[in-house]
Amino acid sequence: MTAVSPPSHRISAFFHRKPQLRLGLLLTAPMLWLGLAYLGALAALFITAFWSTDVFTGKVVTDWSFDNFVTLFSDSIYRTITFRTVGIALLVTVIDAVIAFPMAFAMAKLASPKAQRVLVIMVMTPLWASYLVKAYAWRTLLSGNGVLNWLLDPLGLSGPGYGVTATVITLSYLWLPYMILPIYAGLERLPASLVDASGDLGAKSFRTFRSVILPLTFPAIVAGSIFTFSLSLGDYIAVKIVGGTSQMLGNVVYDNIGAANNLPFAATVATVPVVIMLVYLAAVRRTGALDNL
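In this text the structure is predicted, and so the values were computed from the model without any measurement.

**Student:** Explain the nonpolar core to me, and be specific about the residues and the numbers.
**Tutor:** Ranked by size, the top nonpolar core spans 17 residues in total, and within it Ile 180, Ile 183 and Leu 187 carry the most contacts. Those elements that provide at least two residues to this core are helix 4 (76-110), helix 5 (113-128), helix 8 (164-188) and helix 10 (205-233). Grouped together as the second largest cluster of nonpolar side chains are 16 residues, Val 253, Ala 266, Val 269 and Val 272 included.

**Student:** Tell me about helix 4, and name the residues and values.
**Tutor:** Here helix 4 contains 35 residues, and its C-alpha end-to-end distance of 50 Å stays within 8% of the 51 Å for a straight helix at 1.5 Å per residue. Along helix 4, the helix axis deviates most sharply at Ala 100, where the bend reaches about 30°; the proline Pro 102 sits within four residues downstream. The backbone nitrogen of Ile 77 has a side-chain oxygen 2.9 Å away, supplied by the residue at the start of helix 4, namely Asp 75.

**Student:** Explain the packing of aromatic side chains residue by residue, including any values.
**Tutor:** Per the stated rule, a full pass over the model turns up 12 aromatic pairs. What links up through ring pairs into an aromatic cluster is the set Phe 50, Trp 51, Trp 64, Phe 66 and Phe 69.

**Student:** Give me the pattern of salt bridges: which residues, what numbers.
**Tutor:** Tallied over the entire structure, the rule returns 1 salt bridge. The closest approach of N and O atoms between Lys 240 and Asp 255, which form a salt bridge, is 3.5 Å. Here Asp 255 lies in helix 12 (residues 249-257) and Lys 240 lies in helix 11 (residues 237-242), a separation of 15 residues in the sequence.

Calculation rules
- Chains are numbered independently. Their residues run from 1 in the order of the written sequence.
- Only residues with pLDDT of at least 70 are given local features in this predicted model, and only at 80 or more are side-chain atom pairs given and counted; all residues enter the totals for whole chains, interfaces and linings.
- Hydrogens are left out, water is left out, and the side-chain values use all remaining heavy atoms of the structure.
- The set of buried Ala, Val, Leu, Ile, Met, Phe, Trp, Tyr and Cys residues whose side-chain atoms join them within 4.5 Å is what this entry labels a nonpolar core.
- Throughout this description, buried means an accessible area under 20% of the type-specific maximum (1.4 Å probe, protein chains only), exposed means over 50%, and partly exposed covers the range between.
- Only DSSP runs of H or I with at least four residues qualify as helices, and only runs of E with at least two residues qualify as strands; both kinds are numbered from the N terminus onward.
- Under the convention used throughout, the expected extent of a helix is 1.5 Å for every residue step, that is, one less than its residue count.
- Throughout, bend refers to the angle between the axes fitted to the seven residues that end at a position and the seven residues that start at it.
- Residues adjacent in sequence count toward polar contacts only when both atoms are side-chain atoms; beyond that, a polar contact is any pair of N or O atoms within 3.5 Å, and within protein one must be able to donate a hydrogen and the other to accept it.
- Two rings from Phe, Tyr or Trp (for Trp, the six-membered ring) form a pair when their centres sit within 6.5 Å of each other. Planes less than 30 degrees apart are called stacked, planes more than 60 degrees apart edge-to-face, and all others tilted.
- The term salt bridge refers to a side-chain nitrogen of Lys or Arg lying within 4 Å of a carboxyl oxygen of Asp or Glu.

As structure tokens, this is what we get:
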């Protein structure tokens, strides 16, 4: 008498023979969420950017036009804000990379395994604190009566106060862990034998760094830059807290949604960082950086 397999076993055997079908079913729910919640929201954003707002009633008018884009690109104020935002994002990324690399190298190559775990936790600890708490802490430090001015006063110097410099300092601190961790992961995968071989061949420390360590960890640096650049590009809270009168693209979006009640123009401005990030991701895709995320 032939034994009959239970239905659950037959179904399991069927999916085992069809790995692509099994993978497709597993990805159905997250792909639907991605398509509806994320890509759908982006599509709505781009569509809204071509609409306008009635100046008398404040209601959105669904007549298609390029007026918002003409205003965005022809007005020198918005060009200045765009260049300022991109410049701040690039500067924050460079500062974080310069600070993060030696820290990540010490964690990956110099610290013991036990110390590595402790250092990783220490790097991640600031991420558990509130964004606003950290931003307002820097506002206190950078104020006229803050700690920074108190330390510099005996030298006859003063702090930067509130403005673009304060925004760069605050954002660099906020996003530094996002640069350290990818670089640390990249350095940890770097075989120590390559560094030893470089030294055995007579290369000095700087030559080893320039010819061996930096090229092999460059994708990890670029991976970290994706976080620091994109987060700085879309930030609007830090500049509100420590930026003084300076503005970034996020502030323009926020103000047009709130006080100005001009949702279509806010959507138009919001497309700028989206397009910049798409171009940036397309450029870094060839470096292999996305494999380090």
